[in-house]
Amino acid sequence: SSGINAEYGGNRSENGVDHTQAISDAQELYDAGKARWGTNESAFNKILVSRSPKHLKRVFNEYRNIANGEDIETAIKSEMSGDTKDAFLALVRVIKDAELYFAEQLHKSMKGLGTNDDKLIRLLVWRCEIDLDEIKTCFKLVAKGETLEEFISGDCSGDYKRALLTLCG
């Protein structure tokens, strides 16, 4: 993770979307992955950390056109592995739909045996004043109709549960 920021400074352009640049970036991503033997991860680093979310959404659409309908996520899954794959997938998913991504992460923190308390607390505290209402709407879809509050009530107890529910609003 420090390699991405160290190499490219994490500077994203927040300007409008340049259609020609989006096509060029999509082609560069395709050439760095699917079109060659092995993957040039530095090309993915450069584009994914230096372009605005709005621009990247356009790049992902253009990538699908260049790659005969294949999604950038599918390409990352097949071309990369380990932490690098996980980091790029998370980045792409947040860019595509941040609220859905965070709803999925909240759901994962509580589903199954045990609760990943660190993840649950971090996500709720981080997003509670930003977009938690939208995340809660997505959560209900992810959790097949169960609300975030219902999930927390069934998974947590006591003062801890009350604190989490307070964060939920």
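Details of the structure are given in the entry above.
Remember, predicted model here, so these are calculated numbers, not experimental data.

**Some points on the packing of aromatic side chains**
Under the definition given, this model contains 5 aromatic pairs. A centroid spacing of 5.8 Å and a plane angle of 50° characterise the contact between Phe 44 and Phe 88, whose relative ring orientation is tilted. With Phe 44 in helix 3 (residues 41-50) and Phe 88 in helix 6 (residues 82-96), this residue pair connects regions lying 44 residues apart in the sequence. The exposure classification of Phe 44 matches that of Phe 88, with both residues buried. Between Phe 139 and Phe 151, the aromatic rings sit 5.4 Å apart at their centres with planes inclined by 80°, giving edge-to-face as the arrangement.

**Comments concerning the nonpolar core**
By size, the foremost hydrophobic cluster in this structure holds 22 residues, and its most contacted members are Leu 29, Phe 44, Leu 48, Phe 60, Tyr 63, Ile 72 and Ile 76. Contributions of two or more residues to this core are made by helix 2 (19-32), helix 3, helix 4 (53-66), helix 5 (72-79) and helix 6. In terms of residues, this core owes the most to one element, helix 6, which gives 5 residues. Listed in part, the 20 residues of the second largest apolar core include Ala 103, Leu 124, Phe 151 and Cys 156.

Analysis parameters
- Residues numbered from 1 in each chain as written.
- Predicted model: local features only at pLDDT ≥ 70, side-chain atom pairs only at ≥ 80, totals over all residues.
- Heavy atoms only, no water.
- Phe/Tyr/Trp six-rings, centres within 6.5 Å; stacked < 30°, edge-to-face > 60°.
- Helix = DSSP H or I, 4+ residues; strand = E, 2+ residues; numbered from the N terminus.
- Buried < 20%, exposed > 50% of the residue type's maximum accessible area, 1.4 Å probe, protein only.
- Core = buried A, V, L, I, M, F, W, Y, C linked by side-chain atoms within 4.5 Å.

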